[in-house]
Amino acid sequence: MDEIRAKPFVDVGWGPLILDGGLATELESVGCKLQGDPLWSARLLHTNPCAVKEAHYRFLCAGADVITTATYQASIEGFTKHLEMTPEQANQLIGSGVTLAKDTVKHFIAENPQAERVVPLVAGSIGPYGAFLHDGSEYTGAYAEDMSVEELKAWHRPQVQSLVTAGADLIAMETIPSMKEAEALVELLREFPDSKGWLSFSCKDGQSISDGRRFSEAVHLASRSSQLVAVGVNCCPPSLVQPLLESAQSQRRAGLSWVVYPNSGEAWDKEYGWRNTENRVSSVADLSVVWMEQGAALIGGCCRISPADIMELRSQIHGRLPQGGRSKKLGLRQVEEK
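Per chain, residues are indexed from 1 in the order of the written sequence. In view of the model being predicted, local features appear only for residues whose pLDDT reaches at least 70, and side-chain atom pairs are presented and counted only at 80 or more, with totals across whole chains, interfaces and linings using the full set of residues. Side-chain numbers here rest on the full set of heavy atoms in the structure, without hydrogens or water.

Caption draft 1: The pairing of strand β6 (residues 228–234), seen in detail. Working definition: with a 1.4 Å probe on protein chains only, accessible area under 20% of the residue-type maximum means buried, over 50% means exposed, and in between means partly exposed. Helix numbering and strand numbering both begin at the N terminus, where a helix is a DSSP run of H or I of at least 4 residues and a strand a DSSP run of E of at least 2. Across the 7 residues that make up β6, a large majority, 7, are buried. Here strand β5 (residues 197–201) pairs with β6 via 5 bridges, running parallel. Residue pairing across strands places S200 opposite G232, the latter belonging to β6. The path from the first strand over the helix to the second decides the hand: if it runs clockwise while the strands point away from the viewer, the crossover is right-handed. You can see the chain leave β5, run along helix α9 (residues 215–222) and come back into β6, and the turn it takes is right-handed. Where β6 and strand β7 (residues 257–261) come together, 5 bridges link them in parallel fashion. Paired with G232 across the bridge in β7 is V259. On the question of chirality, the crossover connecting β6 to the parallel β7 by way of helix α10 (residues 241–248) is right-handed. Two strands are said to pair when DSSP picks up at least two bridges between them.

This is the structure:
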């Protein structure tokens, strides 16, 4: 398996791939201290990579077809500032997120030879510039007003380069709050013509992304990129997903799928952490049926979504089909390269 790579091909007509859930949430559940850390789970790439691999493994065991690297809050500037690294060391540490995830996939396959399933993919996570600021602006996009598209491209370029060089199967540009940053990322992806990815937005209501622009405009922007396999939403309340997808259905080009991975429905408070636990959705599994009907081809969870939730989601979507039968129905074509 060391020399085999799985190339993604998503076809809405065949059924969704299962994404993982909240990596940081899972790390916190086993005692990792992330609250208030400007590097969030990315710090563990340096201090506790084994914990990251074990969290990836639990999501694979739960049925995830795609695991996402612990690089959401990773950046050259962040690592040089908070870990006192050189830019070269920071670049290597970002790439290590891909290596950890790919090694975990290989280990999972070796430990589960009886599981006739598609080779899980590794998505290299790219968070918004606001994640580096660590001030909550990733959910408003306010910083983009004072930055140009070229400045945003320059910021993201080293992270994308590191993930691509390390061999990520997809680039997951996620929780993007503004049209300007989305434009920058779509343009930047063109500099890596052999790479594919998805673009997902943080949203403020059932019609708008976080900076107030219409989600339909964001989907129209994504539809102009031939390198994107999916566009959608993440880290928003599950109740917003259906109206958001409905609002932009006409703007989604043929061949561009929906990617959907909301949080648990709770609210994040920068000072106090997760609040309004009474709003927590007990399961995204039931809601996933509607998202599938709307054309979602990649479905998972974000913050506060655990491996148990992903297992329930997988069961809802794929039932009790034998693994071999399920892999034939998935819209993922595997190309083995020796």
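Picking up where we left off.
Caption draft 2: Structural view of the nonpolar core. F79, L199, F201 and F215 are the most contacted members of the largest nonpolar core, which has 78 residues in total. Among the elements that line this core, the one with the most residues is helix α5 (residues 87–111), at 8 residues. When sequence neighbours within four positions are dropped, the list of residues in contact with F79 reads L39, A42, A74, E84, M85, A90, L93 and I94. We define the nonpolar core as a collection of buried residues of types Ala, Val, Leu, Ile, Met, Phe, Trp, Tyr and Cys that are connected through side-chain atoms lying within 4.5 Å of one another. Of all hydrophobic cores here, the second largest spans 16 residues; its members include L17, L121, L170 and A297. By definition, residues are in contact when any of their heavy atoms lie within 4.5 Å.

Caption draft 3: Geometry of the UniProt feature "binding site: Zn(2+)" (unreviewed entry) in the protein. UniProt positions are given in the numbering used here, feature names are shortened, and annotations may be inferred rather than shown by experiment. The UniProt feature table records "binding site: Zn(2+)" (unreviewed entry) at C235, C302 and C303. Spanning 69 residues, the annotated positions come together in the fold, the maximum distance between their C-alpha atoms being 6.5 Å. Of note, C235 is situated in the loop between β6 and α10. The exposure class of C235 is buried, given its relative accessible area of 8%. Sequence-distant contacts of C235, that is, excluding residues within four places in its chain, are made with Y139, T175, Y261, P262, N263, C302 and C303. The residue C303 is located in the loop between β10 (296–299) and α12 (307–318) in this model.

Caption draft 4: A look at the sheet that holds strand β1 (residues 17–18). Taken together, the 8 strands give an open sheet; going across it, the order is β1-β10-β7-β6-β5-β4-β3-β2, and neighbouring strands pair in parallel fashion. Edge positions in the sheet fall to β1 and β2 (66–68), since each has one partner strand and no second. Relative to β10, β7 runs parallel, the two being bridged by 3 bridges. Directly across from V259, in β10, lies its bridge partner L298. For every element, the axis is a line fit to its C-alpha atoms; helices are fit only across the contacting stretch, and the angle between N-to-C directions ranges from 0 to 180 degrees. Across the sheet, helix α7 (residues 149–166) lies against β3 (121–126) and β4 (170–176), angled at about 165° from β3, the strand it touches most. Sheet strands in contact with α10 are β6 and β7, and its direction is about 160° off that of β7.

Caption draft 5: Molecular detail of the pairing of β7. Of all 5 residues making up β7, 5 are buried, and the element is well covered by its neighbours. Neither face of β7 is left uncovered, since the one carrying S257, V259 and Y261 and the one carrying W258 and V260 both have all their residues buried.

Caption draft 6: Geometry of the pattern of salt bridges. Within this document, salt bridges are pairs made up of a side-chain nitrogen of Lys or Arg and a carboxyl oxygen of Asp or Glu, the two lying within 4 Å of each other. Summed over all chains, the structure comprises 7 salt bridges. Across the pair R43 and D37 runs a salt bridge, and its minimum N-O distance is 2.5 Å. When the shortest N-O distance is used, the salt bridge between E150 and K153 registers 3.4 Å. Remark: K153 and E150 occur in helix α7; sequence separation between them is 3 residues, near one turn of the helix. Assessed through its relative accessible area of 9%, K153 is described here as buried. Put simply, E150, K153 and E187 are held in one network by salt bridges that share partners.

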